[in-house]
Amino acid sequence: MENLENRTEVVLLACGSFNPITNMHLRLFELAKDYMNATGEYNVIKGIISPVGDAYKKKGLISAHHRVVMAELATQTSKWLEVDTWESLHKEWIETAKVLTYHQQRLEARNSDDSEPDSASLVLPGGKRKRTGDAQDLSEQKPSASQKKGPPQLKLLCGADFLESFGVPNLWKLEDIATIVGKYGLVCITRSGNNAEKFIYESDILWKHRNNIHLVNEWITNDISSTKIRRALRRGQSIRYLVPEAVQQYIEKHNLYSSESEDRNTGCILAPLLKAKQ
Amino acid sequence: MKCKIPVILLACGSFNPVTNMHLRLFEVARDHLHQTGMYQVIEGIISPVNDKYGKKDLAAAKHRVAMVQLALQTSNWIRVDQWESEQKEWIETVQVLRHHYSELLRSLPRRKEATSSRAESEIPTEGIATPAHTAAPELKLLCGSDVLKTFQTPNLWKDEHIQEIVEKFGLVCVTRAGHDPKQYISESAILTRYQHNIHLVKNVVQSDLSATAIRQALCRGQSVKYLLPDSVISYIEDHNLYLEESK
């Protein structure tokens, strides 16, 4: 970890339902950080979890409030992960490209703020709820030369299924894909035998920005998914050790997942698909 | 109400270190046995192997036991047992089963008192006081399907021990990716004969997680967070375990 100052600072952003958050989601961050830091070029300073808003209308999606609380409980034991509610607090569904833009602006505002020590605190709407005074936290992590370096790079963290969703008709706008991979960049956790490389090769837009897509191999594979968690809960089976202890207790306490909750948004059209029709 | 058979699940192994996957085996096995409607799992026991087992890279039993203990702090039904690791010699799994079975029989009156209603305790009891409606408790060996496969490894297990395990006790085997437990059973005459005592449990959440992979990641300085409990990770760091590359 020598000479961190010369490295490009990176903030990883994960967007998704987190319905509920699982150990697998949290592992993606750990794997991505290890990988990026091991390149010798990057220094991952923060990970942000941004649960999708209720207007996404995915089947079985429980209220953003609960999903945010669970993500917050899950990140309590992490030194570098935090939850952001900006996306989830919006009444309307927000495109991932816009979520990235919002966070990029925040990082830039914070960066210029850092170089002006006297400026007032940077309160932006819908800020983090995790800690108070985390502006200080960040400045502690940052090397002193931060004003020369500019803001950290924001990259979207995802699993291979996310990458492949770029191929689902009408789910993504082409210009949004271009923004995500062109302006920001992707860190994508894949498995050997998964076709991430082929998928990139076969997509002109992804191929063009292939140098901005970091494929990280997950050697210790892990099949935990939120779908499986919800299914186990409906069947009265244990989800222990698949989600953090605090999340499991919260789910139990509020009896969050049942066949009724799974029927939520049944028959609804997924927000991005609806938008594409309009 | 139909009377259910009380079951204790025993897992033997290195637990070097214990991982979330080990803990999952217990949860998955208990769910499966309960959903048969025949069993009531009353306890889970983790028995880390003795240092004399002599496996490469095996951390001292006191550490392995301590880590299991930490991992089980949040469990209300699984406990660690040191008897096996405290013996002077390595002992065979079947002996560990025998020991815990006799412990189970000894503790039975106590357990019954704790669970039975007042009306039952008024019934005069004589000799081996098992009321007719109470099923005899069973101790079953909990394992992954990789263990089932090792039954085929020449000279690793004695045939009479395999027979005793599946005849007298029983196996609960959680299947693991890349293993076909049914095939292992059909390839063995003993296992085939006692297959009614072998519960195969499908693990819907497959994982490659192993203690070996954890040790590898640790000595490469990679994160193992969320693969094993935080308390165990802190213990490993505090005691500088698993730092050396294995030869």
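The shown structure was predicted, so the numbers you read here are calculated from the model rather than taken from an experiment.

## Looking at the environment of Arg231(A)
Move 1: When you line up the elements, Arg231(A) lands in helix α11 (residues 226-234).
Move 2: Considering only alpha carbons, one finds Arg231(A) and Tyr56(A), 175 residues apart in sequence, at a separation of 21 Å.

## Observations regarding the packing of helix α2 (residues 61-71) of chain B against helix α11 (residues 230-238) of chain B
Residues and elements named next belong to chain B.
Move 1: Interhelical geometry of α2 versus α11 gives an angle of 150° and a closest axis separation of 8 Å. In terms of axis orientation, α2 runs roughly antiparallel to α11. Between α2 and α11 the crossing geometry is right-handed. Together, Lys62, His63, Ala66, Met67, Leu70 and Ala71 of α2 and Ser231, Val232, Tyr235 and Ile236 of α11 make up the contact between the two elements.
Move 2: Looking at side-chain class alone, the contact of α2 with α11 contains 7 nonpolar, 2 polar and 1 charged residues.

## Quick look at the pattern of salt bridges
All names here are of chain A.
Move 1: According to the stated counting rule, one finds 20 salt bridges over all chains in the structure shown.
Move 2: Of the charged contacts in the structure, one is a salt bridge between Glu95 and Lys275, with a shortest N-O distance of 3.5 Å. With Glu95 in the loop between α3 (86-89) and α4 (96-115) and Lys275 in helix α14 (residues 271-277), this pair connects stretches of sequence that are 180 residues apart.
Move 3: Among the residues examined, Lys275 registers a relative accessible area of 35% and is labelled partly exposed.

## Section: the pairing of strand β2 (residues 39-48) of chain B
All names here are of chain B.
Move 1: In terms of burial, β2 is a largely internal element, 8 of the 10 residues being buried.
Move 2: Note that strand β1 (residues 5-13) and β2 share 9 bridges and pair parallel. Following the sheet pairing, Pro6 is matched in β2 by Gln40.
Move 3: In terms of handedness, the path from β1 via helix α1 (residues 20-35) over to β2 forms a crossover that is right-handed.
Move 4: Relative to strand β3 (residues 78-80), β2 runs parallel, the two being bridged by 3 bridges. In the strand pairing of β3, Ile46 is matched with Val80.

## Side note on α11(B)
All names here are of chain B.
Move 1: Listed in full, the buried residues belonging to α11 are Val232, Ile233, Tyr235 and Ile236. Projected onto a plane normal to the axis of α11, the buried residues spread over an arc of 160° and lie on a single side. Pointing more than 90 degrees away from the buried face of α11 are the exposed residues Glu237 and Asp238.
Move 2: Buried-residue contacts for α11 involve α2 and α10 (211-219).

## Focus on the environment of His63(B)
Residue and element names in this part refer to chain B.
Move 1: Along the polypeptide, His63 turns up in helix α2.
Move 2: Separated by 17 residues in the primary sequence, His63 and Val80 have C-alpha atoms spaced 12 Å apart.
Move 3: Apart from residues lying up to four places away in sequence, His63 is in contact with Tyr235, His239 and Leu241.

About the thresholds
- Residues numbered from 1 in each chain as written.
- Chains lettered and ligands numbered in written order.
- Predicted model: local features only at pLDDT ≥ 70, side-chain atom pairs only at ≥ 80, totals over all residues.
- Heavy atoms only, no water.
- Helix = DSSP H or I, 4+ residues; strand = E, 2+ residues; numbered from the N terminus.
- Axes fitted to C-alpha atoms, helices over the stretch in contact; angles between N-to-C directions.
- Parallel < 35°, antiparallel > 145°, perpendicular 65-115°, else oblique.
- Left-handed = near helix turned anticlockwise from the far one by under 90°.
- Contact = heavy atoms within 4.5 Å.
- Nonpolar A, V, L, I, M, F, W, Y, C, P; charged D, E, K, R; others polar.
- Salt bridge = Lys/Arg side-chain N within 4 Å of Asp/Glu carboxyl O.
- Buried < 20%, exposed > 50% of the residue type's maximum accessible area, 1.4 Å probe, protein only.
- Pairing = 2+ DSSP bridges.
- Right-handed = clockwise from strand over helix to strand, strands pointing away.
- Arc of directions from axis to C-beta.

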